[in-house]
Each structure stands twice: as C-alpha cells, then as structure tokens.
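Letter by letter, the chains look like this.
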Amino acid sequence: QVQVTESGGGTVQAGGSMTLSCVASGRTSGPHAMGWFRQPPGQGREFVAGVSWNSDITTYADSVKGRFTISRNSRDPTVRLQMDSLKPEDTAIYFCAADRGYAFTRHPDYWGRGTQVTVSS
C-alpha cells in the first residue's frame, strides 16, 4: 500500500504564511500525481491544488489562486504547498493525496490523515 504523510500545519494570523509538506511512501512504483484537498469546519472536502506526475501542470482552486503555490520536482516523492496571504476562510483540515496516473484528479487514490491549519483574525 501507499502511505501519504503530511507535515506542517498549526495556527497563523491572517496575512501570514505557512508551508505544508507531504511524502508518499510504500509501493509508489508508477506515476503518481499529488495534491491537496481541505475540509473547512462544517463543510465538505474541497480541492485546493494539484501537480501532475511530470510537474508540467499545476492546478488551483479559484479561492487560493495567486496565494498558494504547489511544487515538486518531476518524479519526486515530496510535494509542498506554500500558503501566503492566509485568510480566516483558509482554516481547514488539509489533506494531502496521491493519485495514480499522470494527472491529479478530484478523486485521488491515497489520502493522508490531514493536518489542521487555523488562520486567526
């Protein structure tokens, strides 16, 4: 099986920055795109950002575009999410995910346990 492990998270004031990291380990042979979802309090899980296996395509939710940056090197096991200009509405549990194939989809195959990000006013 593939294990997905997030690191980072915590509490930051509005306007601040935070970086999340994620590592996929285990049976990761073959292409795996990676990305992030989040679940705000009382809401459903929503897509945040994704990066393709070859790192040639990155996608972002409109709500984070211009503020968040997802990055990885081609075929690296580690992906990072740099979050700048954080807003209280960014408060959520952030889940890293790995997706078999070249493109990160809205239905990834492997999920991390999540890490809490809290942005205070």
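See the structure shown above.
Bear in mind that the values here come from a model prediction, so they are computed numbers and not experimental data.

Chemist: Which parts of the structure should I look at to understand the state of the cysteines?
Modeler: Counted under the stated rule, the structure contains one disulfide. Through a disulfide, Cys22 is tied to Cys96; the S-S separation comes to 1.9 Å. The disulfide joining Cys22 to Cys96 has a torsion of about -90° about its S-S bond and is therefore left-handed. Of the two residues, Cys22 sits in strand E3 (residues 18-26) while Cys96 sits in strand E9 (residues 92-100), which places them 74 residues apart along the sequence.

Chemist: Can you walk me through the sheet that holds strand E7 (residues 68-71) in this structure?
Modeler: The pairing of strands in a sheet comes from backbone hydrogen bonds and takes either a parallel or an antiparallel form. Strand order in the open sheet formed by four strands is E1-E3-E8-E7, and the pairing between neighbours is antiparallel. On the outer flanks of this sheet lie strand E1 (2-7) and E7, each paired with one strand and no other. In this sheet, adjacent strand axes meet at a mean angle of 15° when their direction is disregarded. Here six bridges tie E1 to E3, and the two strands are oriented antiparallel to one another.

Chemist: Even after reading the chapter, I still don't get the side chain of Ser52, so can you show me in this structure?
Modeler: Positionally, Ser52 belongs in the loop between strand E5 (46-51) and strand E6 (58-60). Looking at Ser52, the relative accessible area reads 6%, which means it is buried. For Ser52, the residues in contact, after removing those within four places along its chain, are Ala33, Ile57, Arg72 and Tyr102.

Chemist: Sorry, what's going on with the side chain of Asp99 here?
Modeler: Mapped onto the elements, Asp99 comes out in strand E9. With no salt bridge to any partner, buried Asp99 finds its closest opposite charge in Arg100, at an N-O distance of 6.8 Å. Among residues more than four places away in sequence, those in contact with Asp99 are Pro31, His32, Ala33, Phe104, Thr105, His107, Pro108 and Asp109.

Chemist: How should I be thinking about the nonpolar core in this particular structure?
Modeler: Across soluble globular proteins, nonpolar side chains show a tendency to be buried alongside one another. In terms of nonpolar packing, the biggest core is built from 33 residues, with Trp36, Leu81, Met83 and Tyr94 touching the most fellow members. Elements represented by at least two residues in this core include exactly E1, E3, strand E4 (32-39), E5, E7, strand E8 (78-83), E9 and strand E11 (115-120). The greatest single-element share of this core, amounting to five residues, is contributed by E9. Met83 has contacts with Gly16, Ser17, Met18, Leu20, Arg67, Phe68, Tyr94 and Val117, leaving out every residue within four places of it along the chain.

Chemist: In this structure, what is going on with the packing of aromatic side chains? I would like to understand it.
Modeler: The relation between two aromatic rings is expressed through the spacing of the ring centres and the mutual angle of the planes. With the rule as written, the count across this model stands at five aromatic pairs. Taking the centre distance of 5.1 Å and the plane angle of 65° together, the rings of Phe37 and Trp111 count as edge-to-face. A residue pair is termed long-range when its members are at least 10 positions apart, and Phe37 in strand E4 and Trp111 in strand E10 (residues 110-111) qualify at 74 residues. Relative accessible area serves as the criterion here: at 33%, Trp111 is assigned to the partly exposed category. Taken together, a centroid distance of 6.2 Å and an interplanar angle of 35° make the contact between Phe47 and Phe104 tilted. With a gap of 57 residues between them, Phe47 in strand E5 and Phe104 in the loop between E9 and E10 connect regions that are remote in the sequence. Accessibility expressed as a relative area gives 10% for Phe104, which makes it buried. Here the aromatic residues Phe37, Phe47, Phe95, Phe104 and Trp111 are joined through ring pairs into a cluster of three or more. Lying across the ring of Phe95, Arg45 places its NZ or CZ 3.8 Å from the centre.

Rules used in this analysis
Residues numbered from 1 in each chain as written. Predicted model: local features only at pLDDT ≥ 70, side-chain atom pairs only at ≥ 80, totals over all residues. Heavy atoms only, no water. Disulfide = S-S within 2.5 Å. Helix = DSSP H or I, 4+ residues; strand = E, 2+ residues; numbered from the N terminus. Pairing = 2+ DSSP bridges. Axes fitted to C-alpha atoms, helices over the stretch in contact; angles between N-to-C directions. Buried < 20%, exposed > 50% of the residue type's maximum accessible area, 1.4 Å probe, protein only. Contact = heavy atoms within 4.5 Å. Lys, Arg positive; Asp, Glu negative; His and termini not counted. Salt bridge = Lys/Arg side-chain N within 4 Å of Asp/Glu carboxyl O. Core = buried A, V, L, I, M, F, W, Y, C linked by side-chain atoms within 4.5 Å. Phe/Tyr/Trp six-rings, centres within 6.5 Å; stacked < 30°, edge-to-face > 60°. Lys NZ or Arg CZ within 6 Å of the ring centre and 35° of its normal.

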